[in-house]
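# Inside the fold
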Amino acid sequence: MRQTLTEIYETRVAAGTLREDPVQRAVLDRLESLRGWLEANATRRVGLFAGLFAKPIQPPKGLYIWGGVGRGKSMLMDLFTEATAIAQKRRVHFHAFMQEVHKGMHAARQRGVEDALAPVAEDLTRDVRLLAFDEMQISDITDAMIVGRLFEKLFAAGVVIVTTSNLPPGELYKDGLSRALFLPFIAMIEDRLEVVEMASPTDYRLERLAGAEVYFHPAHSAGPRIAAIWADLTGGAPDAPLVLEVNSRQVVVPHFVNGVGRASFWDLCAKPLGPADYLAIARAVRVLIVEDIPQLSSANYNEAKRFVVLIDSLYEAKVRLIVSAADVPERLYLEGDGSFEFQRTASRLHEMQAADWGR
């Protein structure tokens, strides 16, 4: 017997795999309505698929679900896509989707196609009625210039779009280069998708870290445990670099999924980054994994200074920090200029290990 999304949700709550959340529950009715339409019209031709003489069916508005990290947006997306009984569906992380688009456009240009986006959009929409994007975030100017035309083609083809994001539509690509050219896309999103905020006070992702070990030493033995935490926090979703524009420069966190960043000490501290760069990182992530922090001394003084600034920025922003290091905080920096000042950093590293840190 077919269960509604609410019934599936309640079953999981009763089994203890989910915790009851009224904000999550409120979104289920909207998703159930879309699910019902998609299943009822799975075999009917929609939009551009309708053909020359058939009267096209107008699909309902999709959903744009936004809210803070750890509020259950991805969980609801998974529940919805898994339960929607149609073959023509696809659930994909937005960054991975855009990488696929770029790859397809490059191949089209190699074939001499004038409008490289056209064959990509045609391939994407040929057998898809539902596209579910996780974590829409536009940080790259190339993506910003492509995404408007691409979504216009998706909507014209009758594809129903459901997406999650940490930001409301109006804050996408905020302060980006040539943002004025991006504004029509925001207007399109607000017109074609129902915008729903998930304003739950609970960050379930941070709750999973409560009481868990988050500082590992020595670093060389911490790999499997860090990997397990990363898999748990990201749900196995594909990662992509987080590229932040700071004072006309790019600051990169190599791995990023839905508010969770992962980088090595050398990624963040061996490059000529400053306070503005670390503040930008602290604003962009909710959880940061920093791996392979070495023994610090006068031999790597500049890197150590940057590490101090990084920790100060993360501390002030209440970012949840997970690290692997050569030793415990108070033994990381034992000699050389700056070792005395590092005592405050060591203290902060201990404080940031507390079960309730970041709440």
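What you see is a predicted model; the values in this text were computed from it and never measured.

Another aspect to go through is the overall build of the protein. Looking only at helices and strands, the protein features 13 helices and 11 strands. Rg of the C-alpha trace for the protein: 23 Å, near the compact-globule value of 21 Å for 359 residues, within the 12% margin. Dimensions of the protein, computed from the C-alpha atoms along their principal axes, are close to 80 × 55 × 30 Å. The proportion of buried residues among the 359 residues of the protein is 52%. Taking the intrachain contacts of the protein between residues at least 6 apart in sequence as the baseline, contacts between residues at least 24 apart amount to 78%. When the accessible surface of the protein is totalled, it reaches about 16600 Å², and 53% of it is carbon and sulfur. Taking the average place of the 41 positive charges on the side chains of the protein and the average place of its 46 negative ones, the gap between the two points comes to 5 Å.

The next thing to look at is the packing of aromatic side chains. Under the counting rule described, the total for this entry stands at 12 aromatic pairs. When the centroid spacing of 5.2 Å and the interplanar angle of 90° are considered together, the rings of F151 and F185 count as edge-to-face. You can see F151 sitting in helix 6 (residues 141-156) and its partner F185 sitting in helix 7 (residues 183-192), a full 34 residues away along the chain. Each member of the pair F151 and F185 is classed as buried. Here a set of aromatic residues connected by ring pairs shows up, and it is made of F94, F97, F133, F151, F155, Y173, F182 and F185. Over the aromatic face of Y315 sits the side chain of R348, whose NZ or CZ is 3.9 Å from the ring centroid.

A separate point is the layout of surface pockets. One way to see where empty space is left: roll a probe the size of a water molecule over the atoms. Empty space within the largest pocket amounts to approximately 970 Å³. Taken together, 33 residues form the lining of the largest pocket, with L167, K174, L244, A280 and A284 sitting closest to its centre. Every element with two or more residues in the lining of the largest pocket is listed here: strand 7 (240-246), strand 8 (249-257) and helix 11 (275-284). Among the elements that take part in the lining of the largest pocket, strand 7 stands out by supplying 5 residues, more than any other.

The amide bond that connects H217 to the next residue, P218, takes the cis arrangement and shows omega of -5°. Along the chain, P218 falls in the loop between strand 6 (215-216) and helix 9 (223-234). The phi torsion at Y173 lies on the positive side, around 55°, for a residue other than glycine. Overall, Y173 belongs to the buried group, its relative accessible area being 4%. The backbone phi angle of D292 is positive, close to 65°, even though this residue is not glycine. Mapped onto the elements of the fold, D292 is located in strand 10 (residues 287-293). Take D292: its relative accessible area is 39%, and that puts it in the partly exposed class.

The rules behind each value
- Residues numbered from 1 in each chain as written.
- Predicted model: local features only at pLDDT ≥ 70, side-chain atom pairs only at ≥ 80, totals over all residues.
- Heavy atoms only, no water.
- Helix = DSSP H or I, 4+ residues; strand = E, 2+ residues; numbered from the N terminus.
- Rg over C-alpha atoms; globule rule 2.2 N^0.38 Å.
- Buried < 20%, exposed > 50% of the residue type's maximum accessible area, 1.4 Å probe, protein only.
- Contact = heavy atoms within 4.5 Å.
- Areas by Shrake-Rupley, 256 points an atom, 1.4 Å probe, with all protein chains shown as cover.
- Lys, Arg positive; Asp, Glu negative; His and termini not counted.
- Charge placed at Lys NZ, Arg CZ, Asp CG, Glu CD.
- Phe/Tyr/Trp six-rings, centres within 6.5 Å; stacked < 30°, edge-to-face > 60°.
- Lys NZ or Arg CZ within 6 Å of the ring centre and 35° of its normal.
- 1 Å grid on protein atoms, 1.4 Å probe; cavity = no way out; pocket = protein on both sides within 12 Å on 5 of 7 lines; lining within 4 Å.
- Points joined across faces, edges and corners; volume = space filled by probe spheres on them.

These values are about where atoms sit, not about what they do.
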